[in-house]
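# Understanding the architecture of this molecule
The residues making up each chain are set out below.
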Amino acid sequence: MMRTVLSILFAVLMVISSDAQNLQKVKFAAQWMPQAQFAGYYAAKEKGIYEKYGLDVEIIHCGLNNTSQELLLNGEADFASMFLATAIPIAAEGNKLLNILQLSRKSALVFVAKKEKEIKDTEDFSGRKIGIWKSGFEEIPKAFLKKHNIHAEIIPVLYSINMFLVDAIDIMTVMWYNEYHTILNSGINEDEIDTFFLHDSDLNIPEDGIYCLRSTLSSDNKLYEKFAAATMEGWSYAFDNREEALELVIQEMNRLKVPANKAHQIWMLDKMHEVFYTDGKEPGRLDETEFFVTARILKDAGKISSIPPFKLFVPEEK
């Protein structure tokens, strides 16, 4: 009897081992350090969703010393998350970059100013010191300033909101799901700041998307479909199981020794849902109009000399 049981267990282990060996290894580069902005990827990995699609996914986090686009272009990652305004210039340089899934459906960029600065309208921006993040998407805020004929001193911001807090700058660009809430956590109330959301303007540019190189399709046309489908399932799980998703986020932050604030991560996850699902839109294929609006902004800003063909920027529709 014991010998029979051991034989069955051995057979089961062999099947599991075989399945594990058959999983396709994939590297995914997230554009920043662990936080709820990437909760869907953690859920897809930890809940076995990627495995269900035949994938063994390694999540690589980027920071100040490397970028997700560098890892993708260097062949150190198979897929990468990045902003649309970051991806288009890369494609314009001749790199065969593909947007396989547009997650963000509206801009989360916000200009913020303390009410004591008396900045009530865009006309009050001129002559001020404006902090703009140098994270690959500074051209959109700059396009906003150009559109409103604003002449101000631009202060590059690498990280943190400290310059805003100590009044070294008058206005700052922040992400609604991230630094905006950090400002509130610092002791400044919402009624003490004025906000100027880019999604309320005609510069409502979607941000987070998933990208790969066209060579990925050449070698395995199903790989990007599996990764995109599994990732979306991971995000659905994260949004439907909020507390569990937050535990996975905190777990990943602790693993990489990133300071974790649960209240802040709750805010971020909730706001990511609002950015993903808005005005009847949801994650999916990149909208052609949004592509060209973004590309024209980048061209006018001198970021690109020509607009890459949209049909080469997305997989063919099936």
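A positive phi angle, close to 55 degrees, is found at Asn 149, a residue other than glycine. Residue position: Asn 149 is located in the loop between α6 (139–147) and β7 (153–157). Positioned with a positive phi, Asp 279 is a non-glycine residue whose angle comes to about 55 degrees. Summarising the element assignment, Asp 279 is placed in the loop between α12 (262–276) and α13 (288–300).

Per the stated rule, a full pass over the model turns up 21 aromatic pairs. With a centroid separation of 6.1 Å and 75 degrees between ring planes, the pair formed by Tyr 41 and Trp 235 is classed as edge-to-face. A residue pair is termed long-range when its members are at least 10 positions apart, and Tyr 41 in helix α2 (residues 39–46) and Trp 235 in helix α10 (residues 223–240) qualify at 194 residues. Look at Trp 235 and you get buried, because its relative accessible area is 0%.

A few words now on a nonpolar patch on the surface. Together, Trp 32, Leu 64, Leu 158 and Tyr 159 make up a nonpolar patch on the protein surface, roughly 440 Å² of accessible area in all. Examined against the element boundaries, Tyr 159 turns out to sit in the loop between β7 and α7 (162–165). Judged by relative accessible area, Tyr 159 falls into the exposed class, the value being 52%.

One open sheet holds the five strands; their spatial order is β2-β1-β3-β10-β4, and the pairing between them is mixed. Sheet topology places β2 (55–61) and β4 (97–102) at the edges, where each strand pairs with a single neighbour. On average, each strand axis in the sheet is tilted by 30 degrees relative to the strand beside it, whichever way the strands run. Where strand β1 (residues 24–30) meets β2, seven bridges bridge the pair, whose relative direction is parallel. Looking at the pairing, Ala 29 lines up with Ile 60 of β2.

Moving on, we get to the state of the cysteines. The final tally for this structure, using the stated rule, is zero disulfides. A disulfide-free cysteine, Cys 62 has its sulfur positioned 16 Å from the sulfur of Cys 212, the nearest such atom. Given a relative accessible area of 1%, Cys 62 falls into the buried group.

Before going further, it helps to examine the pattern of salt bridges. Using the criterion set out here, one finds 15 salt bridges in the structure. For Lys 25, the salt bridge goes to Asp 56, with nearest N and O atoms at 2.9 Å. Residue Lys 25 is located in strand β1, and its partner Asp 56 is located in strand β2; the two are separated by 31 residues in the primary sequence. Among the ionic pairs, Lys 222 bridges to Glu 225, the shortest N-O distance being 3.7 Å. Via salt bridges that share partners, Lys 114, Lys 117, Asp 167 and Asp 170 belong to a single interconnected network.

On the secondary structure map, His 199 appears in the loop between β9 (193–197) and β10 (208–213). The spatial distance from the C-alpha of His 199 to the C-alpha of Ala 108 is 7.0 Å, given a sequence separation of 91 residues. The contacts of His 199, once residues within four sequence positions are left out, are Lys 106, Ser 107 and Asn 204.

Most of β4 is tucked away: six of the six residues are buried. Both β4 and β10 contribute to a ladder of five bridges, which runs antiparallel. Residue pairing for β10: Leu 97 is matched across the bridge by Leu 213.

Moving on to α10. The end-to-end C-alpha separation of α10 is 26 Å, in line with the 26 Å expected for 18 residues at 1.5 Å each. The set of residues buried in α10 consists of Leu 223, Tyr 224, Phe 227, Ala 228, Ala 230, Thr 231, Met 232, Gly 234, Trp 235, Ala 238 and Phe 239.

We now examine a negative patch on the surface. A grouping of Glu 116, Glu 190, Asp 191 and Glu 192 is seen on the molecular surface, where their side chains present a negatively charged patch. Summarising the element assignment, Asp 191 is placed in the loop between α8 (179–185) and β9.

On to the environment of Met 172, then. Take Met 172: it is sitting in strand β8 (residues 171–175). Along the backbone, Met 172 and Ile 297 are 125 residues apart, and their C-alpha atoms lie at a distance of 20 Å. Among residues more than four places away in sequence, those in contact with Met 172 are Val 110, Phe 111, Val 112, Gly 131, Trp 133, Val 157, Ser 160, Ile 161 and Phe 164.

Read from one edge to the other, the open sheet built from five strands follows the order β7-β6-β8-β5-β9, with strand pairing classed as mixed. With partners counted over all chains shown, the strands left at the sheet margins are β7 and β9, one partner each. Here the strands of the sheet are splayed against their neighbours by 30 degrees on average, with no regard to which way each runs. Where strand β6 (residues 129–133) meets β8, two bridges bridge the pair, whose relative direction is parallel. In the sheet register, Gly 131 faces β8, and the bridge partner there is Met 172. Lying on the sheet, α6 is in contact with β5 (109–114), β6, β7 and β8; it crosses β5 at an angle near 65 degrees.

Definitions and limits used
Residues numbered from 1 in each chain as written. Predicted model: local features only at pLDDT ≥ 70, side-chain atom pairs only at ≥ 80, totals over all residues. Heavy atoms only, no water. Helix = DSSP H or I, 4+ residues; strand = E, 2+ residues; numbered from the N terminus. Phe/Tyr/Trp six-rings, centres within 6.5 Å; stacked < 30°, edge-to-face > 60°. Buried < 20%, exposed > 50% of the residue type's maximum accessible area, 1.4 Å probe, protein only. Patch = residues over 30% accessible without salt bridge, like charges linked within 9 Å, V, L, I, M, F, W, Y side chains within 5 Å. Areas by Shrake-Rupley, 256 points an atom, 1.4 Å probe, with all protein chains shown as cover. Salt bridge = Lys/Arg side-chain N within 4 Å of Asp/Glu carboxyl O. Pairing = 2+ DSSP bridges. Axes fitted to C-alpha atoms, helices over the stretch in contact; angles between N-to-C directions. Disulfide = S-S within 2.5 Å. Contact = heavy atoms within 4.5 Å. Expected span 1.5 Å × (residues − 1). Lys, Arg positive; Asp, Glu negative; His and termini not counted. Charge placed at Lys NZ, Arg CZ, Asp CG, Glu CD.

The quantities given are spatial measurements derived from coordinates; they are silent on function.
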